[in-house]
Amino acid sequence: MPSVRQPAPARSSLHPVSFMLLMVLVGLNLRPALSSLAPLLPRVEASTGISNVGIGALTTLPVLCLGLFAPLAPWLSNRLGAERSLSAALLVLATGLALRGLATPFWLFAGTLLVGAGIGVVGSLLPAFVKRELPRAADLTTGVYTMALCLGGALGAGLSIPMAEALGSWSLALMSWSALAIAALIAWWRMMPQPSTPGTRPAITGNTRELMRQPLAWHVMLLMGAQSSLAYIVFGWLPSLLIERGYDAAQAGWMMAASVMVQLFAALAAPWIARLGRDQRPVLLLTLSMVAGGLSLLLVGPIEWRWAGVLLLGLGQGGGFSMALTLIVLRTADSRLAGKLSGLVQGGGYTLAALGPLAVGVMRDFELGLPIINLALLSIAVLAAGFAWLAGRQRRLELDDQGRLFTRVYR
């Protein structure tokens, strides 16, 4: 077994509690941009004349941008510093949210592109910050900011219709979320952590091809892609699918909001529960089973079981997403490897995940029914379970004394 090079721990000027609060505020911004659009899609379609395929592309674009721009985070981190890179990404996110409020197809797509780019970079940088600032509690800290991320998604889904009604415009409702991004930007700029030792920032070095030769990296990436595909199908299409099932727009929005709100508890609890076992496979498989059951109950199950479906879907998706992010820090030895793996996993995973919302848009354009759509979603869940079985095993990416990457197997 190669000897392992242990990097010196980094020290931050920011208190752990302040760092956690900052992570929560930043995390709150990573989902409202996506979940706030879904309940308003019928109004957007009626106002702009965008077709089902166009709406599918609009819901797919931010997820695709997450994949395309997440790998840029290591490059930006090396040149600007991770702290300034995150500041720039928050500014891009706020700008994109404001542009979507201009309410024409061009600005909707342009703003959505910027939104996806900003979220992609921010989301890729956060695991490296967590691994650097709180290495001994990186998995639990990931659960905390994932909980904040889920809360942001719930607020976006639940408040979209009421805000549109109060402001008299769906476009102003979309634009208003830029205020939250600006607040996070100001807080980050004033409080962002600064490592006291030069060179300990989560800058990423090395060849990505070397990382891609490790099967473990592929297992985590493909798990992220499959489970994220289901998540963004829910964010992009669940309210429309529920309306097709017979619910009105407000009911559909609140059902989605309730499901996302349930994710808060699962996102925080899943990493704690996963610590009790030798590997993470039981928790991962349980969460994916809940997602499959919840979707089936909502789309084709008895109407009276709808709230059970909402509960199962929320618990499954909150726990599954939290565990997918947690695997990035659990499967790496230090913050540099965590940042490098994060860029690969979120870049490749979200690029694959973008196919999900687009596929649902195509199926709806061909007027395929809810049973066929549900069957497609169950197939994705089964695929995710296969990758979860491989990614959940006790393995970790490490560097030997010569800086060569290898996978350590724990028995």
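Rules behind the numbers
- Residues numbered from 1 in each chain as written.
- Predicted model: local features only at pLDDT ≥ 70, side-chain atom pairs only at ≥ 80, totals over all residues.
- Heavy atoms only, no water.
- Helix = DSSP H or I, 4+ residues; strand = E, 2+ residues; numbered from the N terminus.
- Rg over C-alpha atoms; globule rule 2.2 N^0.38 Å.
- Buried < 20%, exposed > 50% of the residue type's maximum accessible area, 1.4 Å probe, protein only.
- Contact = heavy atoms within 4.5 Å.
- Expected span 1.5 Å × (residues − 1).
- Arc of directions from axis to C-beta.
- Pairing = 2+ DSSP bridges.
- Polar contact = N/O pair within 3.5 Å; in protein donor to acceptor, adjacent residues only side chain to side chain.
- Bend = angle between axes of the 7 residues up to and from the residue.
- pLDDT = per-residue confidence, 0-100.
- Patch = residues over 30% accessible without salt bridge, like charges linked within 9 Å, V, L, I, M, F, W, Y side chains within 5 Å.
- Areas by Shrake-Rupley, 256 points an atom, 1.4 Å probe, with all protein chains shown as cover.
- Salt bridge = Lys/Arg side-chain N within 4 Å of Asp/Glu carboxyl O.

A few points about the overall build of the protein chain
In terms of regular secondary structure, the protein chain is built from 18 helices and 2 strands. Over its C-alpha trace the protein chain gives a radius of gyration of 20 Å, about what one expects of a compact globule, namely 22 Å for 411 residues. Based on the C-alpha atoms only, the size of the protein chain along its principal axes is roughly 60 × 40 × 35 Å. When burial is assessed residue by residue, the protein chain has 58% of its 411 residues classed as buried. Across the protein chain, every contact between residues at least 6 apart in sequence was considered, and the portion connecting residues at least 24 apart equals 84%.

What to know about unusual backbone geometry
If a residue is not glycine, its phi is most likely negative; likewise, a peptide bond is most likely trans. Unusually for a residue other than glycine, A103 sits at a positive phi of about 65°. As for its position among the elements, A103 is in the loop between α6 (82-100) and α7 (105-133). The phi dihedral of E367 is positive, around 60°, even though this residue is not glycine. As for its placement among the helices and strands, E367 is situated in the loop between α17 (355-365) and α18 (370-391). Classification of E367 as exposed rests on a relative accessible area of 70%.

Describing helix α1 (residues 16-27)
Counted at 1.5 Å a residue, the expected span for α1 with its 12 residues is 16 Å, and the 16 Å between its end C-alpha atoms agrees. Looking at α1, one finds that the buried residues are F19, L22, M23, V26 and G27. Considered in projection along α1, the buried side chains sweep an arc of 130° and stay on one side of the axis. Buried residues along α1 sit against α6, α7, α8 (138-167) and α10 (178-191).

Side note on the pairing of strand β2 (residues 405-409)
As defined by bridge partners, strand β1 (residues 395-399) adjoins β2 across 5 bridges and the pair is classed as antiparallel. Opposite R396, over in β2, you have R408 as the bridge partner. Linkage of β1 to β2, two consecutive antiparallel strands, is achieved through a turn of 5 residues, within which G403 is found at a positive phi near 80°.

Brief notes about the side chain of T332
By the element assignment, T332 lies in the loop between α15 (306-330) and α16 (335-353). Within the structure, the side chain of T332 is placed 3.4 Å from the backbone oxygen of V329, a separation counted as a polar contact. If we ignore the near neighbours within four places in the chain, the residues touching T332 are K131, L337, A338, L341, R396 and L397.

Topic: helix α13 (residues 249-274)
Under the 1.5 Å per step criterion, the end-to-end length of α13 is 37 Å for 26 residues, consistent within 8% with the ideal 38 Å. Where α13 bends most, at F265, the angle is about 25°. Two to three positions downstream of the cap, the backbone nitrogen of Q251 sits 2.7 Å from a side-chain oxygen, assigning the N-cap of α13 to D248.

Some words on the confidence of the model for the protein chain
Scored by pLDDT, the protein chain has a mean of 84; 92% of the residues are at 70 or more. Confidence, read as mean pLDDT per element, is least for helix α4 (residues 52-69) in the protein chain (79) and greatest for α18 (96). Low pLDDT, under 50, characterises residues 1-11; the predicted model gives this stretch 24 contacts beyond four residues in sequence or across chains. Counting interchain partners and residues more than four positions distant, the pLDDT-below-50 stretch residues 196-206 has 30 contacts.

Quick look at a nonpolar patch on the surface
A cluster of nonpolar side chains, contributed by L358, V362, F366, L368 and I372, occupies part of the molecular surface with about 430 Å² of accessible area. Secondary-structure assignment places F366 in the loop between α17 and α18. Assessed through its relative accessible area of 63%, F366 is described here as exposed.

A word on the pattern of salt bridges
Where side chains of opposite charge bring their charged atoms close, a pairing between them can arise. Using the criterion set out here, one finds 7 salt bridges in the structure. For R132, the salt bridge identified is with E83, shortest N-O distance 3.0 Å. With a gap of 49 residues between them, R132 in helix α7 and E83 in helix α6 connect regions that are remote in the sequence. Neither residue differs from the other here; R132 and E83 are each classed as buried. In this structure, the salt-bridge partner of R132 is E133, at a minimum N-O distance of 2.5 Å. Members of the salt-bridge network, linked through shared partners, are E83, R132 and E133.

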